[in-house]
Amino acid sequence: MKLMIANPATGQHKVFEFDDDNKLRPFFDKRMATEVEGDCLGDEFKGYVLRISGGNDKQGFPMKQGVLTNNRVRLLFKKGMSCFRERR
C-alpha cells in the first residue's frame, strides 16, 4: 500500500510504499480527519502524528468527507462538486 505523507507548512510531500499490513493496521477502519500516531510505521516516523485526509478503496473509488458509513454509497452530485465526473 502506498502512503503519501505531506508537510503542509513547507508544501513537501513524499510517497512511501509499505508491504507489511501489520504496520498499516492502525489506518484501517478509520474516518477522514482521524489522527494516527506515526510510531506504527517505524522508527523514522516516531514522534509524528499523521492525519488521514483522503484515500481510495481497492477499486479506486475516492473517500468523501461527510459520508459516515464504512460501505460504498451512491451519492447524487452536480457540476462543481468534488468527485463529480460527467458520464455523457
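Above this text you will find the structure in question.
Here is a short report on the structure shown in this document. (Residues numbered from 1 in each chain as written. Predicted model: local features only at pLDDT ≥ 70, side-chain atom pairs only at ≥ 80, totals over all residues. Heavy atoms only, no water.)

A look at the overall build of the protein
Here is the rule: A run of H or I in DSSP counts as a helix once it spans at least four residues, and a run of E counts as a strand once it spans at least two, with each numbered from the N terminus. Here the radius of gyration uses the C-alpha set of atoms, whereas the globule reference equals 2.2 Å times the residue count to the power 0.38. Buried means the residue's accessible area, taken with a 1.4 Å probe over protein chains only, is under 20% of the maximum for its type, while exposed means over 50%, and partly exposed covers the values in between. We call two residues in contact when some of their heavy atoms are within 4.5 Å. Counted as positive: Lys and Arg. Counted as negative: Asp and Glu, with His and the chain ends omitted from the count. Lysine's charge is taken at NZ, arginine's at CZ, aspartate's at CG and glutamate's at CD.
A tally of helices and strands in the protein yields one helix and four strands. Mapped in sequence order, the helices and strands of the protein form the string β-β-α-β-β. Here the C-alpha radius of gyration of the protein, 15 Å, is well above what a compact globule of 88 residues would show, namely 12 Å. The dimensions of the protein, computed from C-alpha atoms along their principal axes, are 50 × 30 × 20 Å. Per-residue burial for the protein yields a buried fraction of 14% across its 88 residues. Taking as baseline every contact in the protein between residues at least 6 positions apart, the subset at least 24 positions apart corresponds to 14%. The average position of the 17 basic charges and that of the 12 acidic charges among the side chains of the protein differ by 13 Å.

A word on the environment of Arg 88
Along the chain, Arg 88 turns up in the segment after strand 4 (49–51). Judged by relative accessible area, which is 91%, Arg 88 ranks as exposed. Along the chain, Arg 88 and Lys 78 lie 10 residues apart, while their C-alpha atoms are 13 Å from each other.

Remarks on the packing of aromatic side chains
Short version of the rule: To pair, rings of Phe, Tyr and Trp, with the six-membered ring standing in for Trp, must have centres within 6.5 Å; the planes then decide the type, stacked if under 30 degrees apart, edge-to-face if over 60, and tilted in the middle.
Under the counting rule described, the total for this entry stands at three aromatic pairs. Members of the aromatic cluster, each reached through a chain of ring pairs, are Phe 16, Phe 18 and Phe 45.

A short note on the pattern of salt bridges
Selection rule: Any carboxyl oxygen of Asp or Glu within 4 Å of a side-chain nitrogen of Lys or Arg constitutes a salt bridge here.
What the rule picks out here adds up to one salt bridge. Of the charged contacts in the structure, one is a salt bridge between Glu 86 and Lys 79, with a shortest N-O distance of 3.8 Å.

Focus: the nonpolar core
This is how the line gets drawn: Only buried residues count toward a nonpolar core. Its members are Ala, Val, Leu, Ile, Met, Phe, Trp, Tyr and Cys residues joined through side-chain atoms within 4.5 Å.
Among the nonpolar cores identified, the biggest contains 10 residues, and these are Leu 3, Phe 16, Phe 18, Leu 24, Phe 27, Val 36, Leu 41, Phe 45, Leu 50 and Ile 52. Beyond its immediate chain neighbours, meaning those up to four positions away, Phe 16 contacts Met 1, Lys 2, Leu 3, Ile 5, Glu 44 and Phe 45.

Concerning the pairing of strand 1 (residues 2–7)
Here is the rule: Any two strands with at least two DSSP bridges between them are considered paired.
Two strands pair when backbone bridges link them, and strand 1 and strand 2 (residues 12–17) are joined in this way by six bridges, in the antiparallel orientation. For Ala 6, the partnering residue across the bridge sits in strand 2 and is His 13. Hairpin connection, strand 1 to strand 2: the antiparallel pair is bridged by four residues, and Gly 11 has positive phi, about 80°.

Remarks on the environment of Pro 62
Within the element layout of this structure, Pro 62 appears in the segment after strand 4. The partly exposed category is assigned to Pro 62, whose relative accessible area is 47%. In this structure the C-alpha to C-alpha distance between Pro 62 and Cys 83, which are 21 residues apart in sequence, comes to 7.5 Å. Those residues within four positions of Pro 62 in sequence are excluded, and the remaining contacts are Gly 55, Asn 56 and Cys 83.

A word on a negative patch on the surface
Applied cut-off: Patch definition: residues with relative accessible area over 30% and no salt bridge; like charges joined within 9 Å; nonpolar side chains (Val, Leu, Ile, Met, Phe, Trp, Tyr) joined within 5 Å. Accessible areas in this description were obtained via Shrake-Rupley with a 1.4 Å probe; residue shielding takes into account the shown protein chains only.
Among the surface-exposed residues, Glu 35, Glu 37, Asp 39, Asp 43 and Glu 44 lie close enough to one another that they form a single negatively charged patch. Considering the arrangement of structural elements, one finds Asp 39 in the loop between strand 3 (35–37) and strand 4.

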